[in-house]
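So the chains spell out like this:
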Amino acid sequence: MSPSRPSPGPDPDGALKRLPTPPLLALLANPRLRKRTRIALDFGNASRIIGPVAFADDWDALVGLAAQHPGSPALVDTFQGNGSPAEPEDQTTWNGQLSRTPLICYALPDPGRERQLSQTGITVAAHLLPGVDDELVAINTAILSSIDARCVRRLRRRIRQAAHPHAVEMLGYALDLALGPCSVPDMARRIQRTERTLQRRCTILGIPSPKRLLALARIFTVQRLAQWSDQPYGAVAVALGFSDRSNYRRLVRGIFGRTPTEIERCGGHDYVAETILKSVG
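Residues numbered from 1 in each chain as written. Predicted model: local features only at pLDDT ≥ 70, side-chain atom pairs only at ≥ 80, totals over all residues. Heavy atoms only, no water.

1. Some words on the overall build of the protein chain
- If you tally the helices and strands in the protein chain, you get 14 helices and 5 strands.
- Residues classed as buried in the protein chain amount to 48% of the 281 residues present.
- By sequence separation, contacts in the protein chain at least 24 residues apart represent 68% of the contacts at least 6 residues apart. (Helix = DSSP H or I, 4+ residues; strand = E, 2+ residues; numbered from the N terminus. Buried < 20%, exposed > 50% of the residue type's maximum accessible area, 1.4 Å probe, protein only. Contact = heavy atoms within 4.5 Å.)

In structure tokens, the structure reads:
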């Protein structure tokens, strides 16, 4: 009789007790948009990472919520009155107070208003047009893409400083695609090049293959959102389209030769970000 294999021990992800997720913030005057936002969270996997919705009655209340939950995106449809930072007289007072809160404009586009918001240190991370492009999936995507947006912008900025423009382009699309299942053909369609052209570019530039770039972007995204939300990496991986957490563990082992838990001990998403930068710099 062959000796039994030693037990690998408890799954570090499965053993973690799930903590409450940070709330999604919202300043929505329209009752229909309030209801739709709640439904979207219930409908999609974003609720594994963020939510439920914390509604603010005015901008002052939104600032209070933002201070408690840095990095939580805020859906907003009310930009006039209620102490809005878009009001010229309030710009000095509001400067920087919402700098860590990515706004999702759930209203008609208004470039002038967005310039005013930008002057106060506020970033508009996504747009949703009521009744036009606010399907439930689109709302979930806007939420996921906006969470802790400053972290992603910081990595993109460092990539632009370190990498060749073609590498910057490919990594930019990889990060865009990393919120869901993605493949090299998806990247090729985004860049409007053939897969063979992308492979050739990577070889010429001496950077990882498109497949590896996508894998690094996916791992960065999972580890980043797990760290931000205090959720197990497996739950976050499933929310981002992995069929189960074991598939995510295999991907991480294949790229880094480490488990996701070991990646966390090495620095989590910061460790992955440094690996990305070294591979393209």
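And the narrative resumes.
2. Notes on the nonpolar core
- By size, the foremost hydrophobic cluster in this structure holds 68 residues, and its most contacted members are I49, L75 and I159.
- With 11 residues, the single largest contributor to this core is helix α10 (residues 210-229).
- Among all residues touching L75, those that are not within four sequence positions of it are L24, L25, A26, L27, L28, T37, I104, Y106, L128 and I143. (Core = buried A, V, L, I, M, F, W, Y, C linked by side-chain atoms within 4.5 Å.)

3. Topic: unusual backbone geometry
- Looking along the chain, the bond that leaves G51 and enters P52 is cis, with omega of 10°.
- Secondary-structure assignment places P52 in the loop between α1 (31-43) and β2 (53-55).
- Unusually for a residue other than glycine, D230 sits at a positive phi of about 60°.
- D230 gets classed as exposed once you look at its relative accessible area, which sits at 51%.

4. A look at the pairing of strand β4 (residues 103-106)
- Along β4, one buried face is formed by L103 and C105 and the opposite face, lined by I104 and Y106, is buried too.
- Relative to β4, strand β3 (residues 74-76) runs parallel, the two being bridged by 3 bridges. Counterpart to V76 in the pairing with β4 is C105.
- With 4 bridges joining them, β4 and strand β5 (residues 124-128) adopt parallel strand pairing. What sits directly across from I104, in β5, is A126.
- Handedness of the β-α-β unit built from β4, helix α4 (residues 111-119) and β5 comes out right-handed. (Pairing = 2+ DSSP bridges. Right-handed = clockwise from strand over helix to strand, strands pointing away.)

5. Some points on the packing of aromatic side chains
- In this structure the tally under the stated criterion is 3 aromatic pairs.
- Seen in terms of ring centroids, Y233 and Y248 are 5.9 Å apart; in terms of plane orientation they differ by 45°. Their pairing is tilted. Of this pair, Y233 sits in helix α11 (residues 233-239) while Y248 sits in helix α12 (residues 245-256), placing them 15 residues apart in sequence.
- Residue Y248 is classed as buried on the basis of its relative accessible area of 0%. (Phe/Tyr/Trp six-rings, centres within 6.5 Å; stacked < 30°, edge-to-face > 60°.)

6. What to know about the side chain of D134
- For D134, the location among the structural elements is in the loop between β5 and α5 (136-146).
- Polar side-chain contacts of D134 include one of 2.7 Å to the side chain of Y106.
- In this structure, D134 is in contact with R32, L33, R36, Y106, L128, L129 and I139, ignoring residues within four places of it in sequence. (Polar contact = N/O pair within 3.5 Å; in protein donor to acceptor, adjacent residues only side chain to side chain.)

7. Notes on the pairing of strand β1 (residues 24-27)
- What you see with β1 is no split at all: L24 and A26 on one side and L25 and L27 on the other are buried throughout.
- Here 3 bridges tie β1 to β2, and the two strands are oriented parallel to one another. By the bridge assignment for β2, L24 is matched with V53.
- Note that the unit made of β1, α1 and β2 has a crossover that is right-handed.
- As paired strands, β1 and β3 are joined by 3 bridges and run parallel to one another. The partner of L25 across the bridge, within β3, is A74.

8. Remarks on α1
- Over its 13 residues, α1 runs 18 Å from end to end, which matches the ideal 18 Å to within 8%, given 1.5 Å per residue.
- Restricting attention to buried positions, one finds in α1 the residues L33, T37, A40 and L41. Buried residues of α1, viewed axially, fall in a sector of 95°; they line one side. Exposed residues pointing more than 90 degrees away from the buried face of α1 are listed as P31, K35, D42 and F43.
- Tucked inside the fold, the buried residues of α1 contact β1, β2, β3, β4 and α5.
- Capping the start of α1, N30 holds a side-chain oxygen 2.8 Å from the backbone nitrogen of R32, two or three residues further along. (Expected span 1.5 Å × (residues − 1). Arc of directions from axis to C-beta.)

It is worth stressing that arrangement in space is one thing and function is another; only the former is reported here.
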